[in-house]
Structure formats: C-alpha cells, structure tokens
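# Working through the structure, step by step
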Amino acid sequence: MSRSYVRPATVLAAAGVLTGLTATQPSAFAASHHGAPTRHVLLISVDGLHQSDLAWYVSRHPNSALARLVGGGVEYTHAKTTTPSDSFPGMVAQATGGGPGTTGVYYDDTYNASLLPAGTTSCKDVKPGVEVDLTEDLDKNQASIDAGQGLAGLPDSILSMTGNPASLINASKLPVDPKTCKPVYPHSYLKVNTVFEVARSAGLRTAWSDKHAAYEILNGPSGTGIQDLFTPEINSDALGYPAGNDWTKDNQATEQYDGYKVKAVLNEIDGYDHSRTHKVGTPAIFGLNFQSVSTAQKLPASDGLKGGYTAKNVPGPLLTKNLDFVNAQIDALTSEITRRHLADSTTIILSAKHGQSPTDPTALTRIDDGPLLDGLNAAWKKLHPAAGDLVAHSVDDDAMLLWLTDRSQAATDFAKTYLLAQSGSGTDINAAPKAFTRSGLSKVYAGNAAARYFHVEAGDARVPDIFGLAQYGVVYTGGTKKIAEHGGAHSDDLDVPLVVSGASVPDGVRDSASVQTKQIAPTILSLLGLNPRSLQAVREEHTTALPVR
C-alpha cells in the first residue's frame, strides 16, 4: 500500500495533473472530529464518474464541495468496479461485498437456465430457461415516474412515492421458481445478504434512493433490508419535456430527476422519511445514485451543449456543466449534515457503480449487434437444420454477454469462432462509416472459460455462455444517439473514484493501492461497529474492509 498525507491548506496540484491531489481547507463537515465513532454512513454513487473526472474537476475547483470531500478523508486513486461494469452488479457489490459469480447478478437484464418463464402458474413439465429482467419493464406502469402507484400532481409530487417499491412490481413479469411455482422477486434472486439487512438486524435504520423499483433487490433475500426505499422510475416519460423522452434523453431532465433523490436524502438527514411525512431519525445507512453524469457522457448533445469528452479524459461542455451540478448537490448534502450537527458522526463514501467508455471520442466505433447475432443464428441453423436460434438472450453495451440454447462446449466454441471471424462497418463519433473486425471484440470467453472467468462451476444456471470483451471504443448500438456505454472491462469502464470522508477517517490521505468497490460493503459495517463477516459474500470472497485508518 502506498499512501501520502497532505496538509489541508496546501494548494492543489496544477490543473493538468490527474494523478496527485492535495486537500484544500476543510469545510465544517471535513473538519469534523475524525476520532469520533461513525453513527451514519451516507453512500453516494455518481454513475459514470471516473477517477480521472474527479481529479480533473478538483484540480480546477480547489474550493469545491468535491475538493473538500476529498481533502476531508481518504481518496483511493486506483479503485475498480465490477466486471461486467453494469449498474446492477456494481451496486450489488457495494451492498454485499461480492462480485457477480457470488451474488448471482451479472447485469440488469440476464437469463437463467433453471427458472421458468414469467406467468407460469402450472409448473409441472415446463421447460426451464427465462430472461431475468431487472429494468423498468417490471414496473406496473413504466411510463410513470411513480412506476404505477397512481400519484396525482406528478412529477413534483414524486416524494410521496412509496418506500416499498416491491408493491409496484408486476409479478406476472417475474420468472418463476420451479420448486415453489411462485414468482421470484429481485430480492429473492440475490444469492447473498446485504449491509442493509445486517444493519437492520442490529436495530439500525436504513434507507436508499435509486432509479428503478427493481432496486428492491438491495433489500436482500429477507426482503426487508431497507426500511425506506425511494425509487422514482428514470426511464418513464419525462413530464414537461418533448413527448417520447424519458428522463435520460435530456440532461436537464436527468438533473431534475436526480434532484428529487437529493431532496429525499436531505429529508432523511433531517430525521424524516424520504417524503418528510414521518419523523423517524437519520438512518445509519442511506444514500443515492446520480444519473446525470452518465447521460452527459452518453448523449452526443443536450441543452445546446456537446456531450462526452473533447479529448482523452477531458470533459466537454455538457459534462463540465453536469459535474458542477453534482458538486452543488453534494455541497447541499454536506451542508445539511453540518447544519444538523451530524458532521462528527457521519462518514460519506463517494464512488460509482460504473464508469463509461470511451473517454477518447476519436476511439468511438458504434456497431449494430443485431446483424451479428442474426448471422450467428443463421450459421448455426445451417449446420443444424432442426435447431432453433442458438442465442437465447443477449446483452451488448460495450461488452457482449450471450446465453445460448445449446450450452455445450461445441456450441459455445462455435459462437466464439463465428463472432471473431466477422467484420463490417460501423460509425464513428461523427456518424461517418468506420470499419470493424472480429465483431468489435478483443477477447471472447466461451463455455467453461466464461464460467472460470466468473469463478463459478461450468453449467451454472446464471453465468453467460459467451462473455466478449470489446475492443476499446466499441459501443454496440443500432443508431447514433449515444457516444459511450458501460458494461465492459476497459479502464474507462472500471476506474471509478472511491473516497471515504468524515467521521472516523483521517484528513488528506491519498492511497494508491489497488482496491475494489465491493470493499465498500465491509467498510460500511466496520465504520458502524458491526461485523463485516456478517456478510455472506465477504466470507466467500474474503473481501476486506478498506484501510481507512
């Protein structure tokens, strides 16, 4: 482990230096009693944020809330999120201490070879194999920001949304357990327990805010880990914006959406539930995710500003504006913690579920994966006339995850060989034609190799049969409406910030050791004086708490 300690009043490094940060004069929050025990942990995920983005911003804004947060704690400059770098495994890792092979969560939309199709009511002799969808598709009404609760006065009445989003999931869309013949809710699909469950068993209060009702998965297998779970639907119709747009299609809309979750957390800091209806006390574990950095990275343009990066790791106008937005929201949260005299008992953890790739606009190659998979199915059926499609399910963002109807090594090897032989033309950052080879893939793990990659047994019901790592800059999309994605294993996908700041943590420490975001889970429990080994994934993967002291 390599650490450096910096004086709080030291001037920050030059603007172009991305690898070394120094702390600014701490705010009232950052200057809290660091020897005091932690009673509250506020976890913040800024989805899409890279460590390089944080370094870039802090070096240019030495008096910002983000700079004060960094200066008031320990910054881990070489932290990585999960592979695949999707929101669901990324968030689940932070809450459990485990990766996809242990948690059973590989993506927000996957396939399970042992469960029965959604809607099955008579399970005898039904063939297993079904998509497991943990997206907005599960909502009773995915077009509404309240997921179908039926609130009047939306969107601004959204803070009245229930704290029990499981009640807003359409059970007829859930896969069915062949043993019980009952629907499998997201929390039941998770194979291990969460920090929220451990905290609740210790009599502590829990809360969280996220983007889909399906994030009730964070309740853990008990289904009761989070007492106050606020999940406004981000992929619903954005009221007040052009028809057909959800809250991610316009960055200003995403900021408005994120603002609701910030208000919820502010209410929780003040000791209320997210709706500010009931006085319940500030939670021991609570927090939120921000989506607006992610949309600023993905959208070619929004609100008259160019999205993404102007050069490698250099945020463009829209992303710069949005980093300012996130900074302002974090300032509001830390200021409220101070105002409520909670600074000496609250630790803030800042990280991200995932990064985004590419951060170099010249590297972008958009590839339509539809023809590739159609060609694979056609080639398979040509050799096996009686067979159906080989691909049972696919998820392709900036990686390729395939589940096959034939899981034999011969079939998975066939798929690998076919994909690596394909070439064609995609589009570059300017929508001009751009050639690609090997289906845009750099490496493919097939069958047993895919299982080994994720540390599971061959034939595991959840593991993808094909896991393809994309070449840098490749984004699988049929159009030109996005310029970045996540899900893969490039540094742009994985290298996220990780800062632990506030109570129980020393000021101004920069740690260059390699760490993982799954270490957040045992760290939360350790800070609160709970046993990290209460987490099943911690025991299985030997996940250690971060060295914060």
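You'll find the structure just up there.
In this report, we go over the structure that sits alongside the text. Just so you know, these numbers come straight off a predicted model, no measurement behind them.

Summed over the entire model, instances satisfying the criterion amount to 17 salt bridges. We note a salt bridge from Lys-312 to Asp-492, for which the minimum N-O separation is 3.3 Å. Remark: Asp-492 occurs in helix α13 (residues 491-494) and Lys-312 occurs in the loop between β13 (309-311) and β14 (314-315); sequence separation between them is 180 residues. Overall, the relative accessible area of 38% leaves Lys-312 in the partly exposed class. Under the relative-accessibility criterion, Asp-492 is labelled buried at 5%. When the shortest N-O distance is used, the salt bridge between Glu-541 and Lys-518 registers 2.5 Å. Here Glu-541 is found in helix α15 (residues 536-541), whereas its partner Lys-518 is found in the loop between β26 (509-516) and α14 (520-527), with 23 residues between them in sequence. Of the residues examined, Lys-518 reaches a relative accessible area of 17% and is grouped as buried. The network of salt bridges with shared partners includes Asp-270, Arg-276, Glu-336, Arg-339 and Arg-340.

Moving on, we get to the environment of Leu-372. Relative to the assigned elements, Leu-372 resides in helix α10 (residues 369-383). Beyond its immediate stretch of four places on either side in the chain, Leu-372 contacts Ile-367, Tyr-418, Gln-422, Phe-436, Ser-439 and Tyr-476.

Below, the discussion takes up the packing of aromatic side chains. Evaluated as defined, the whole model comprises nine aromatic pairs. Centre to centre, the rings of Tyr-453 and Phe-454 are 5.0 Å apart; their planes meet at 75 degrees, and the pair counts as edge-to-face. An aromatic cluster is built from Tyr-106, Tyr-445, Tyr-453, Phe-454 and Phe-467, whose rings are joined through pairwise contacts. We note Lys-279 situated over the ring of Tyr-272; from NZ or CZ to the ring centre the distance is 4.4 Å.

We now examine helix α7 (residues 251-269). With 19 residues, α7 extends 27 Å from end C-alpha to end C-alpha; this agrees with the ideal 27 Å at 1.5 Å per step. Counting buried residues in α7 gives 15 out of 19 residues, a clear majority hidden from the surface. Sitting at the head of α7, Asp-250 places a side-chain oxygen 2.8 Å from the backbone nitrogen of Gln-252. Of the residues flanking the end of α7, it is Gly-271, one or two places downstream, whose phi is positive at about 95 degrees.

Attention now goes to the state of the cysteines. Following the criterion strictly, the structure yields one disulfide and no others. Between Cys-123 and Cys-181 runs a disulfide, and the two sulfur atoms are separated by 1.9 Å. One disulfide, between Cys-123 and Cys-181, carries an S-S torsion of 95 degrees and so falls in the right-handed class. Here Cys-123, found in the loop between β4 (109-112) and β5 (130-133), pairs with Cys-181, found in the loop between β6 (176-177) and β7 (182-183); they are 58 residues apart in sequence, far enough to count as distant. Judged by its relative accessible area of 23%, Cys-181 falls in the partly exposed class.

This paragraph deals with the side chain of Ser-351. Position of Ser-351 among the secondary structure elements: in strand β15 (residues 346-351). Overall, Ser-351 belongs to the buried group, its relative accessible area being 0%. Here Pro-497 takes part through its backbone oxygen, which lies 2.8 Å from a polar atom of the side chain of Ser-351. Leave out the neighbours within four places in its chain, and Ser-351 touches Ile-44, Ser-45, Val-46, Gln-94, Val-496, Pro-497, Leu-498, Thr-517 and Ile-520.

Thresholds applied
- Residues numbered from 1 in each chain as written.
- Predicted model: local features only at pLDDT ≥ 70, side-chain atom pairs only at ≥ 80, totals over all residues.
- Heavy atoms only, no water.
- Salt bridge = Lys/Arg side-chain N within 4 Å of Asp/Glu carboxyl O.
- Helix = DSSP H or I, 4+ residues; strand = E, 2+ residues; numbered from the N terminus.
- Buried < 20%, exposed > 50% of the residue type's maximum accessible area, 1.4 Å probe, protein only.
- Contact = heavy atoms within 4.5 Å.
- Phe/Tyr/Trp six-rings, centres within 6.5 Å; stacked < 30°, edge-to-face > 60°.
- Lys NZ or Arg CZ within 6 Å of the ring centre and 35° of its normal.
- Expected span 1.5 Å × (residues − 1).
- Polar contact = N/O pair within 3.5 Å; in protein donor to acceptor, adjacent residues only side chain to side chain.
- Disulfide = S-S within 2.5 Å.

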